Amino acid sequence: MDASVKEKSSHDDHSHHEEAFIWKYVFSIDHKVIGIQYGVTALLFLFFGFTLMMLMRWQLAYPGEAIPVISGLFSETTMPDGIMLPEFYNSLGAMHGTIMVFLAVVPLVVGAFGNYLVPLQVGAIDMAFPKLNMASYWVYFVGGIVMLVGFWMPGGAANSGWTSYPPLSNIATTGQTVWLLGMVFLITSSLLGSMNIIVTIVQLRAEGLTWMKLPFFTWAQLVTSFLLLLAFPPLEAAGVLQLMDRLTGSSFFMPSGLVVSGEVLDIAGGGSPLLWQHLFWFLAHPEVYVLILPALGIIAEVIANNTRKPLWGYKSMVYATIFLGFISFTVWAHHMFLTGMGTAINAFFQTTTMIISIPSVIILTALMISLWGGSIRFNSAMLFACAFLPMFGIGGLTGLPLGLTASDIHLHDTYYVIGHFHYVVAPGTIFAIFAGIYYWYPKVTGRAMNEMLGKIHFWLSLIFINGIFFPMFIQGLAGVSRRLYDGGASYAHAQDYLYLNEFMSISAWLLALAQIPFIINFFISWKSGQKAGDNHWDATTLEWSATTSPPLGHGNFEVVPTVYRGPYEYSVPGKDKDFTPQNEA
Amino acid sequence: MSEWILQYLYLPQDLSSHGHELDSLTGWVHLLMLILFVGWGAFYLLTVFKFNKKRNPSADYKGVKTHVSSYLEITVAVIEAVLLVGFSIPLWADVVDNIPEETAKDVVPIRIIAEQFAWNIHYAGPDGKFGRTAPELVDLSNGNPVGIDKNDPNAADDVTTVNQLNVPMNKQILVKLTSKDVIHSFFLPVMRVKQDAIPGSEFPLKFTAVSKGDNDGKYEIACAQLCGLGHYRMRGYYNIMTQEEFDAWMGEQQELLKAAGEDDGW
Amino acid sequence: MNKSFLKPLCALTLSAMLIACGSDKKETASAPAAKTDAKTEVAKAASGPATGTSSVTGTIKFEGDIPKLGAVNMDADPVCKSKHSGAVASEVLVLGEGNLMANIMVSIKSGLPSAEYDTPSEAAVLDQKGCVYVPHILGVMAGQEVKILNSDGTLHNIHTQSKENKAFNVAMPAARTEMTKKFKKVEDSFKVKCDVHPWMGGWIRVFEHPFFDVTEKDGQFSIKNLPAGTYEIEAWHEKLGSQTASVTVGDGEAKAVDFTFKKS
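Residues numbered from 1 in each chain as written. Chains lettered and ligands numbered in written order. Predicted model: local features only at pLDDT ≥ 70, side-chain atom pairs only at ≥ 80, totals over all residues.

To continue, consider the overall build of chain A. Counting its regular elements, chain A contains 17 helices and four strands. Relative to a compact globule of 585 residues, whose C-alpha radius of gyration would be 25 Å, chain A shows 24 Å and is just as compact. Projected onto its principal axes, the C-alpha positions of chain A cover 75 × 60 × 45 Å. Taking the intrachain contacts of chain A between residues at least 6 apart in sequence as the baseline, contacts between residues at least 24 apart amount to 79%. (Helix = DSSP H or I, 4+ residues; strand = E, 2+ residues; numbered from the N terminus. Rg over C-alpha atoms; globule rule 2.2 N^0.38 Å. Contact = placed C-beta atoms within 7 Å.)

Okay, here's the thing in structure tokens:
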């Protein structure tokens, strides 16, 4: 029906149809389309960021050896004869971090999942500001393109780490300027998006949907959006200051008396390199929770649905999340323990760091206890959610020795840190993203993904991702620094642990292969997956009461829902079926 | 217990007077992590085994009814508080923040000035006083990497080396750390010492080597903060010497200084 | 210095002659005039003879008290240290027998007919060997290829401090033994450094013509294939600066100009 109408209109009035297509699928103001746009773009960036890492892993496993097969693809200034140069390695490192955090994971958990699900879960017809929503996506898109342009700059893309510490970043090649411009776009996009989500949740909740009836996912999105809204402006300011340092000769981050390569630097001086670190981490620590909270939200939804019982300790999870949000603004300087802090300031930041572990423990424990007494369906989404718990647990626990300054002295800036935060975001957040994709795919496409391929994808990913990240703890304890172009081969104290590099690299490449079943599944199921009804998983939250996509367009619900009960009324004693939707009277 | 777990933690040899305390904290934390992980893991495995759909076809609306988890959370909080207040904060105050006077007895003051991609070591010499330095006097090709003002009388016996940090055993070494250009991080794995070198500021740090260790005193300085294309090769050498060896070396350097005294500073 | 091999060079239109070339300096030190090319031949003929048969030679000598120079200390990198058996002398002032000076860049400063000189097809070579630059002083023509070698099997980074030409800072890890660069614009001597080995310093100067030479320890320079004319000749030392002298040569004539440097 839809197709025939399209065909007819294209015969009748070609230009009109073109315009309609553009407004419907490209410059759409429908939150569902924008969510899908975010999702597809961010998945492409996720894949790209992963590719950068696979290149780095070649150099780490076989330092100085020419990369086989694809060596011809690279220029003289990056990989002459297939041998990676340190500058390019540093570019890859900086861009891997930037792309994964700002262009892949945040856009996925907030831009894609948040955009698509928040209005549906609160029973709204759309976001509060649909045009702002569209602007948010396109500003993000431009920011992403700008970031990629960096690779074609003389001297390559930004190569001062994703943290871009000055003075190194101030004296770096042009790629850094492009990086800063890109960041300004990405930050702006996040600010637009987060305002929208906050207003939507606060103002547009369906009748009866009181705060303690909100699905945990929406709670997580609300707190996340506040973090974005309050934490990003300092970084935007910092980015502009660094741009000025680079372009107009100011010295916000440049102290006096710098001697670079034997020459006294001709600058005004008087600035502070540490100022940047404070501004950067004031964002980037809350940013960690931006990466984690929505992931916990996804996991909570998947677990409640697949255990067929309410979340255990829902209220304490909500309070813990809010508390986490507040406290996350007070821990930033634990990234800077070794910048010359005295005992007092140091005691403050390690105390807040220990305090913030408590709400994380509460949420994780509640999720784990929620499994008890359930009737667990181990589908692909649930497998990823279940694996998330111990993986995120490892990520969290390894934060302890880093958060205590005395044990951090030896571990700071070693591979231990890399292992720690990758456990949080890779088998943590990214597994949650996979769980979310498997879980909501039927809602978005009207078809379910293939379970067999999903399970292959899961088990292989679980094995290989641990193969990459676990050995990092060993290297880190041995004192191998991060961001080394040769993976530590220059250092005597690293020699005994170099063999792990090859192991980690092979795990990384196998992990890439393990994504093939997912990619196949993702595209095949779109057209020929098992047909799914409106409520494929017998779920309770409002998004499942709306018609399955292809959606109703701007409007979402045939009947604006009224909410009568909490979000996870599964297996209520005395009911015939094991789920009671929120909007069921 | 912490000793037991330390053998499995791959830490490099510790040759410092303070490192053992840091290591034992690292050990205790890892023990706590292990207990929590194994405890949670056992509960988790039991749960996913016991409550899968086949074994338990209908879910229990209420689930866990006890508040054991609250006690667990409180226990974790208490242990963290103990580690924090009992170990980490006092250790930091003692190991990092309690800096001796430069002129105190048995303290060897050494300035370390990091640059892309080398560690410049500046010894005060027998007089124990550093000569004046200035950025415009830096000359890399002619043996004045830290920009010592040779007209300053205190500078006459100052010794500089590049990438070679020689220290006497059982003396407290007081390092004053800074950088010429970008941020570096001074890392001595065997000393459990790490401190960012930040241009524009000078930070003190101290350590005492108590043994030459398995490698006869020959170890390395690593750079722990990305500082540019040569970061991976910004390796210095850390040589632990007996007092006699150190004195002999310092004497040798003084001879060389005298010989080079007429060096025209080209 | 000992001349170990002869290198054939083509001089434009007038002659094909063999000139001797120093072994370490490679071919650029007394650079070939140009390659024969029918098109440029016509162009050059129109603008008058750009090269000729005249030559200027001379000797550079150091006078007065010889400054004392400390040896280069390579303790910072054992790889470098292992490449040398004894102390490594500073390259700032290198004197041969009778205080004849090496590392002096001699070139024609002015007086050349306005003409475009073809860039040599052969690359100039700058080697990093034993953690010093070989040669210490390198003259190249604008647009000429410069082959940069790393013979040390350790990381060097080539960091040019040029102002006219875009400065670059490129790493040459152990695995990268060779790369090629070009300096497109004429530029006075600028420094080349390695940040991994702070003592490493060399100089590059980019000319628009091929009339330059760098002395060896014998203090001799020789600028050949000059057209007849009156020239200002410049001798340059990295610390002692430049001296100039005027010389007039007729066709086929060879004149000698000597320079003396002194530490003031």
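Residues and elements named next belong to chain A. With 16 residues, helix α16 (residues 499-514) extends 23 Å between its outermost C-alpha atoms, agreeing within 8% with the 22 Å of an ideal straight helix rising 1.5 Å per residue. Turning to α16, its buried residues are L500, N501, M504, S505, S507, A508, L511 and A514. Lining the buried residues of α16 we find α3 (31-61) and α15 (451-478). (Expected span 1.5 Å × (residues − 1). Buried ≥ 20, exposed ≤ 12 C-beta atoms within 10 Å, placed from the backbone.)

Residues and elements named next belong to chain A. If you check helix α7 (residues 216-247), its first and last C-alpha atoms are 45 Å apart, about what 32 residues at 1.5 Å a residue would give, namely 46 Å. Residue F232 marks the point of greatest curvature in α7, where the axis turns by about 35°; the proline P233 follows within four residues. Just past α7, the residue G249 takes up positive phi, approximately 80°. (Bend = angle between axes of the 7 residues up to and from the residue.)

The next point concerns the sheet that holds strand β4 (residues 105-110) of chain C. All names here are of chain C. Taken together, the four strands give an open sheet; going across it, the order is β14-β4-β16-β17, and neighbouring strands pair in antiparallel fashion. A single partner strand is all that each edge strand has here, and the edge strands are β14 (212-214) and β17 (241-249). Adjacent strand axes in the sheet meet at a mean angle of 25°, parallel and antiparallel pairs treated alike. Here strand β16 (residues 229-237) runs beside β17; their pairing, made up of nine bridges, is antiparallel. The residue of β17 that forms the bridge with I233 is A245. (Pairing = 2+ DSSP bridges. Axes fitted to C-alpha atoms, helices over the stretch in contact; angles between N-to-C directions.)

Glancing now at the environment of P135 of chain B. The topology assignment puts P135 of chain B in the loop between β2 (118-123) and β3 (159-162). With residues up to four places along the chain from it excluded, the contact list for P135 of chain B reads G257, V259 and V264 of chain A together with G147 of chain B.

All names here are of chain C. Where burial is concerned, the two faces of strand β8 (residues 145-150) differ: the one with V146, I148 and N150 is buried and the one with E145, K147 and L149 is not. Bridge count for β8 against strand β11 (residues 178-182) is five bridges, and the pairing is antiparallel. Within β11, the position partnered with L149 by the bridge is E178.

All right, on to the interface of chain B and chain A then. Taken together, the contact between chain B and chain A spans 79 residues of the former and 84 residues of the latter. Tallying contributions element by element places helix α3 (residues 68-97) of chain B first for the side of chain B that touches chain A, with 15 residues. In terms of residue class, the side of chain B that touches chain A is built from 46 nonpolar, 19 polar and 14 charged. (Nonpolar A, V, L, I, M, F, W, Y, C, P; charged D, E, K, R; others polar.)

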